[in-house]
Amino acid sequence: VWPQVLAKIDYLHTRIKRRGKRFKSLVKQMNQATRTFPDGGIILNTQNEIVRMNEAAAKLLGFKRKQDRGLHITTLLRDPDFVAYIEKGVSGGEPKEFVAPTDHTQWRSCYLVPYGLDQKLLMVRDITQQRQTDQMRRDFVANASHELRTPLTVITGYLEALTESEDIDPALRMPIREIERQAVRMRALVEDLLKLSELDSKVRESARHEVDTAALVAAASQEARAMENCPQNVLVDLQSTARLLADECDIQSVLSNLVANAVR
């Protein structure tokens, strides 16, 4: 019986070697594939220590693949927002953006997802160009709005003078009033663009304090009653006395826009 047993053992040994070669080949292919990824990937254990990373992650964050293995990631990247994101350890949600540690003119975005058994995968991406594009868009909106405000003011001024003049042909009064109304509407749109640009820039520090919501709602209702084509009855129904911790001007702008849109 021994020849048969030895033959079976030899067969199993050969089969295991073949599987081992296939497994090594598969691992090699996976390593080659991860090298081509434009995004970085870092595997972290439960203590947020680096288990493994691809070349893109090392390049994006200025890490060293072999030397930094086993180190706590927050000892290498000390950005406060990044540290808070990692220590929170909640997978999913919004990606966290932070300044690149190797170049403060560049930006990175990271995203944490579950990986394997009690591990996490930190995906890292270069978002420098995206942020530059967003900044260009904000600058364009702000500059265009400022440039449009001056000619609109001039046009509106001349139109007001024409509507008040007694020498204008009566047949032209209605078209002039319509032009004036559209100019006022366009100026309101420009003001909205400027407000949106200001809020989008995130440069202005909001003065946060307790806001009397009831007083702002009452003021918004008075504005509504003064608007053209406003409904006869404007009712205020306050079901809470709570106050907001916010910028009063911003909240007032929100309420005014909501009421104005409702009236329209």
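Up top is the structure.
Below is a short write-up of the structure.

Rules of the game
Residues numbered from 1 in each chain as written. Predicted model: local features only at pLDDT ≥ 70, side-chain atom pairs only at ≥ 80, totals over all residues. Heavy atoms only, no water. Helix = DSSP H or I, 4+ residues; strand = E, 2+ residues; numbered from the N terminus. Rg over C-alpha atoms; globule rule 2.2 N^0.38 Å. Buried < 20%, exposed > 50% of the residue type's maximum accessible area, 1.4 Å probe, protein only. Contact = heavy atoms within 4.5 Å. Areas by Shrake-Rupley, 256 points an atom, 1.4 Å probe, with all protein chains shown as cover. Lys, Arg positive; Asp, Glu negative; His and termini not counted. Charge placed at Lys NZ, Arg CZ, Asp CG, Glu CD. Pairing = 2+ DSSP bridges. Axes fitted to C-alpha atoms, helices over the stretch in contact; angles between N-to-C directions. Phe/Tyr/Trp six-rings, centres within 6.5 Å; stacked < 30°, edge-to-face > 60°. Left-handed = near helix turned anticlockwise from the far one by under 90°. Core = buried A, V, L, I, M, F, W, Y, C linked by side-chain atoms within 4.5 Å.

1. Regarding the overall build of the chain
Scanning the chain from N- to C-terminus turns up eight helices and seven strands. Whereas a compact globule of 264 residues would reach a radius of gyration of roughly 18 Å, the chain reaches 32 Å, over 25% beyond that. Considered along the principal axes of its C-alpha atoms, the chain spans approximately 120 × 45 × 40 Å. The 264 residues of the chain split such that 23% are buried. Restricting to contacts in the chain with at least 6 residues of sequence separation, those with at least 24 account for 47%. Carbon together with sulfur atoms contributes 56% to the accessible area of the chain, which is approximately 19,300 Å² in total. Of the side-chain charges in the chain, 38 are positive and 36 negative, and the distance between the mean point of each set is 20 Å.

2. So, the sheet that holds strand β5 (residues 119-126)
Sheet strands pair by backbone hydrogen bonding; their relative direction is either parallel or antiparallel. The strand order across the open sheet built from five strands is β2-β1-β5-β4-β3, with neighbouring strands paired in antiparallel fashion. Two strands close off the open sheet at either side, each with one partner strand: β2 (50-53) and β3 (96-99). Within the sheet, the average angular offset between the axes of one strand and its neighbour, ignoring direction, is 30 degrees. Relative to β5, strand β1 (residues 40-44) runs antiparallel, the two being bridged by five bridges. The residue of β5 that forms the bridge with I42 is L122.

3. Describing the packing of aromatic side chains
Aromatic ring pairs: the centre-centre distance and the angle between the two ring planes describe each pair. For the structure on display, the rule yields one aromatic pair. Judged by centre distance (5.2 Å) and plane angle (55 degrees), the rings of F82 and F98 are tilted. Placement of F82 in helix α4 (residues 80-88) and of F98 in strand β3 is noted, with a sequence separation of 16 residues between them. Judged by relative accessible area, which is 0%, F82 ranks as buried.

4. Things to note about the side chain of S221
With respect to the helices and strands, the residue S221 is situated in helix α7 (residues 213-226). Given a relative accessible area of 7%, S221 falls into the buried group. Leaving out residues up to four positions away in the same chain, S221 has contacts with V234 and V236.

5. Remarks on the environment of P38
Assignment of secondary structure puts P38 in the loop between α1 (2-35) and β1. Take P38: its relative accessible area is 70%, and that puts it in the exposed class. In sequence terms P38 and E55 are 17 residues apart; their C-alpha atoms lie 9.3 Å from each other. Look past the residues within four positions of P38 in its chain and what remains in contact with it is A56 and L60.

6. Focus on the packing of α7 against helix α8 (residues 248-263)
One can describe the packing of α7 onto α8 by two numbers: an axis separation of 9 Å at closest approach and a directional angle of 35 degrees. With respect to the hand of their crossing, α7 and α8 are arranged in right-handed fashion. For the pair α7 and α8, contact is made by L216, V217, A220, E223 and A224 and by E248, I251, Q252, L255, S256, V259 and V263, respectively.

7. Some words on the pairing of β2
Of the pairings in the sheet, the one linking β1 to β2 comprises three bridges and is antiparallel in character. Across the sheet, residue L44 finds its bridge partner in β2, namely I50. Hairpin remark: β1 followed by β2, antiparallel, with five residues in the connecting loop; positive phi at N48, about 60 degrees.

8. Section: the nonpolar core
In this structure, I42, L44, F63, I73, F82 and L122 are the most contacted members of the largest nonpolar core, which totals 19 residues. In terms of residues, this core owes the most to one element, helix α2 (residues 55-61), which gives four residues. Sequence-distant contacts of I42, defined by excluding residues within four places in its chain, comprise I50, R52, M53, A57, L61, F63, I73, K120, L121 and L122.

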